[in-house]
Amino acid sequence: IAQAGPDVGTDDCLISYTHIYSPDLLTGQVAFITGGGSGIGFRIAEIFMRHGCDTVIASRNLDKLKEAAKKLSAVSGRRCLPLCLDVRQPESITAAVDETLKEFGHIDILINNAAGNFLCPATSLSFNAFRTVMEIDTMGTFNTSKVVYEKWFQNHGGNIVNISATLGYRGQALQVHAGSAKAANDAMTKHLAVEWGPSGVRVNTVAPGPVSGTEGFRRLGGPKVEVSGVFQSIPMQRAGNKTEMAHCVLFLASRASSYVTGAILVSDGGAWLTSANDVSMLLGIASSKTAKL
Ligand code: HXC
Ligand code: NAP
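Predicted model, so just to flag it, every value in this text is computed and none were measured. (Residues numbered from 1 in each chain as written. Chains lettered and ligands numbered in written order. Predicted model: local features only at pLDDT ≥ 70, side-chain atom pairs only at ≥ 80, totals over all residues. Heavy atoms only, no water.)

A.B. asks: I would appreciate a short explanation of the confidence of the model for the chain in the present structure.
C.D. replies: Taken as a whole, the chain shows an average pLDDT of 94; of its residues, 96% reach a score of 70 or greater. A low-confidence stretch, residues 288-293 (pLDDT under 50), is modelled with eleven contacts involving residues beyond four sequence positions or located in other chains. (pLDDT = per-residue confidence, 0-100. Contact = heavy atoms within 4.5 Å.)

A.B. asks: When you look at the sheet that holds strand β2 (residues 54-59) in this model, what are you seeing that I'm missing?
C.D. replies: In any sheet, the strands associate via hydrogen bonds between backbone groups, in a parallel or an antiparallel arrangement. A sheet is described by the order of its strands in space; here seven strands give the open sequence β3-β2-β1-β4-β5-β6-β7, paired in parallel fashion. Both edges of this open sheet fall to β3 (80-84) and β7 (264-267), since each of them pairs with a single strand only. This sheet shows a mean twist of 20° between the axes of neighbouring strands, independent of strand direction. Of the pairings in the sheet, the one linking strand β4 (residues 109-112) to strand β5 (residues 158-163) comprises four bridges and is parallel in character. Within the sheet, the bridge partner assigned to isoleucine 109 lies in β5 and is asparagine 159. Lying on the sheet, helix α2 (residues 62-76) is in contact with β2 and β3; it crosses β3 at an angle near 175°. Along the sheet, helix α5 (residues 176-196) contacts β5, β6 (201-208) and β7; its crossing angle with β6, the most-contacted strand, is approximately 160°. (Pairing = 2+ DSSP bridges. Helix = DSSP H or I, 4+ residues; strand = E, 2+ residues; numbered from the N terminus. Axes fitted to C-alpha atoms, helices over the stretch in contact; angles between N-to-C directions.)

A.B. asks: In this structure, what is going on with helix α3 (residues 90-104)? I would like to understand it.
C.D. replies: Here α3 contains 15 residues, and its C-alpha end-to-end distance of 21 Å stays within 8% of the 21 Å for a straight helix at 1.5 Å per residue. All buried positions along α3 are accounted for by Ser92, Ile93, Ala96, Val97, Thr100, Leu101 and Phe104. In this fold, the buried residues of α3 make contact with β1 (30-34), β2, β3 and α4 (127-156). The positive-phi residue at the C-terminal boundary of α3 is glycine 105, with phi of around 85°. (Expected span 1.5 Å × (residues − 1). Buried < 20%, exposed > 50% of the residue type's maximum accessible area, 1.4 Å probe, protein only.)

A.B. asks: What's the story with the pairing of β5 in this structure? I'm lost.
C.D. replies: Both faces of the sheet carry side chains from a regular strand, because those side chains alternate between them. Burial analysis of β5 places six of its six residues in the buried class, which makes it a mostly covered element. The alternating pattern of β5 places Gly158, Ile160 and Asn162 on one face and Asn159, Val161 and Ile163 on the opposite face, and all of these are buried. Pairing of β5 with β6 involves six bridges; the strand directions are parallel. The residue bridging isoleucine 160 from the neighbouring strand is valine 203, located in β6. The handedness of the β5 to β6 crossover, carried by α5, is right-handed. (Right-handed = clockwise from strand over helix to strand, strands pointing away.)

Written as structure tokens, this is what we have:
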């Protein structure tokens, strides 16, 4: 029961896939996924498309997005539109949302997945480094939600799923920037669920633990974590995988969760309850700004 299903560690589609949900769960819908060209966002796009959804994947690196979109369409037969934006720049979000509405005519789901992170002690963290992560993770989530809401969801309803992290729950060492940013996003989930519920908009969050085959995992320790014994302290004794995260997001983005809003679904194998949180140990696993990750 506690085993992960098969996944692929690179930004490629799954070699085989067995549906858990009805394959037509998202048929006719369009999802706008920030950071959908890599890691967890890529797998969310793939799983959504395997359930009949068309997608927009949007981030800064258009070449990467184009390559991802090709793979995603080939495996699913659905449309995937790659669009360039920086979630810190509202005008670039507005242009991408306008383009999406022109191409597809509607947006049903927004996934706020774009983020930036690195391990760094607070004393080594520059003011600009803290601001940068807050701007990508927190401002980026607000900016994108606001644009999509005002341009479409306000009058048509919709579903927002934010991708958070458990870092702030126990004040994870070397993560004051990302933990603070994600904690703000968790509050934002509740505020917007309350304000936008009457417009038919649900706002929820998935908070992953360590997820293998991702940039986040590599930056927060990578293979060193696997041999460090850290996994032994996780109740489920392993990292999660991208497909497991995508299935949680699919639940919250679909009618499977039609009366759920303002919720934070932790998907971490119980990790935050038990994992080590020791500065010197973490410094040993990874490195700080002096050895850029
Ligand atoms: C300390 C760092 C740093 C590092 C950058 N900075 N990397 N400080 N340690 N490793 C500082 C810079 O010196 C600079 O400050 C400031 O941060 C901005 O850096 P830029 O490179 O100019 O920013 P930008 O080009 O906008 O890039 C943003 C970024 C970058 C976050 C720094 O790494 C990025 O684009 N990341 C996206 C991909 C990513 O991070 N994926 C993982 C998400 S995982 P100064 O003062 O010098 O100007 C995740 C996991 C959560 O969120 C939990 C897992 C369990
Ligand atoms: P990832 O592949 O690096 O995903 C982050 C994405 O965000 C990238 O595709 C990146 O694309 C995009 N992005 C970064 N800055 C952006 C900006 N300013 N504007 C637009 N897009 C931007 O890393 P990941 O590990 O899969 O992380 C995905 C999400 O899961 C993040 O929210 C992260 O915090 C969360 N998470 C991950 C883990 C984990 O173990 N991996 C654990 C907990 C939470 P571009 O470079 O093209 O812009």
